[in-house]
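Below are the chains, spelled out letter by letter.
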Amino acid sequence: MTEEGRITMTEFKTVVEGFRSDIKKVVEAMNHGFEKVGKEMQSTRKDIQGLKSDNQVLKIDVKTLKTDMHSVKEQIGLLLEGQTEIRAGLKERVTIRDFAKLDKRVTRLEKKIA
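Calculation notes
- Residues numbered from 1 in each chain as written.
- Predicted model: local features only at pLDDT ≥ 70, side-chain atom pairs only at ≥ 80, totals over all residues.
- Heavy atoms only, no water.
- Helix = DSSP H or I, 4+ residues; strand = E, 2+ residues; numbered from the N terminus.
- Rg over C-alpha atoms; globule rule 2.2 N^0.38 Å.
- Buried < 20%, exposed > 50% of the residue type's maximum accessible area, 1.4 Å probe, protein only.
- Areas by Shrake-Rupley, 256 points an atom, 1.4 Å probe, with all protein chains shown as cover.
- Patch = residues over 30% accessible without salt bridge, like charges linked within 9 Å, V, L, I, M, F, W, Y side chains within 5 Å.
- Salt bridge = Lys/Arg side-chain N within 4 Å of Asp/Glu carboxyl O.
- Lys, Arg positive; Asp, Glu negative; His and termini not counted.
- Charge placed at Lys NZ, Arg CZ, Asp CG, Glu CD.
- Expected span 1.5 Å × (residues − 1).

Glancing now at the overall build of the chain. A tally of regular secondary structure across the chain gives two helices and zero strands. Over its C-alpha trace the chain gives a radius of gyration of 48 Å, far above what one expects of a compact globule, namely 13 Å for 114 residues. The principal-axis extent of the C-alpha atoms belonging to the chain is close to 160 × 20 × 15 Å. When each of the 114 residues of the chain is scored for burial, the buried share is 0%. Entry remark: accessible area of the chain is about 11500 Å², with carbon and sulfur atoms responsible for 60%.

Have a look at this one:
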């Protein structure tokens, strides 16, 4: 500074260069921070897209499972109907004792006719 309290041009340039240097440091620090945030946002976007695609796969799997369950229910219904028919048929069958009695009667009748 001069005696009159004025700053010389050289001193002013030195002060301005100091400000520029400090501002560059601040800008670099901010850019570095923004780069980190940008990378994290990209990673988050990828994760969200992955979740969306996984969700689509899950929806398809659930639809497939519902279809398969419906098919299984129909097959179980058919099996139950078949089981009922088989039971009814077994009830109509002749027991071994009844068949033996019938066989004896037929044998007797055949002897009488012959």
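For the rest of this paragraph, the subject is a positive patch on the surface. Taken together, Lys104, Arg105, Arg108, Lys111 and Lys112 make up a surface patch of like positive charges. Relative to the elements of secondary structure, Lys104 occurs in helix H2 (residues 96–113).

What follows is about H2. Between its first and last C-alpha, H2 extends 25 Å over 18 residues, near the 26 Å set by a 1.5 Å rise per residue. Sparse coverage of H2 is indicated by the burial of zero of its 18 residues.

Taken together, the side chains of Val15, Phe19, Ile23 and Val27 define a hydrophobic patch exposed on the protein surface, amounting to about 370 Å² of accessible area. Relative to the helices and strands, Phe19 is located in helix H1 (residues 9–92). Residue class for Phe19 comes out exposed when judged on its relative accessible area of 53%.

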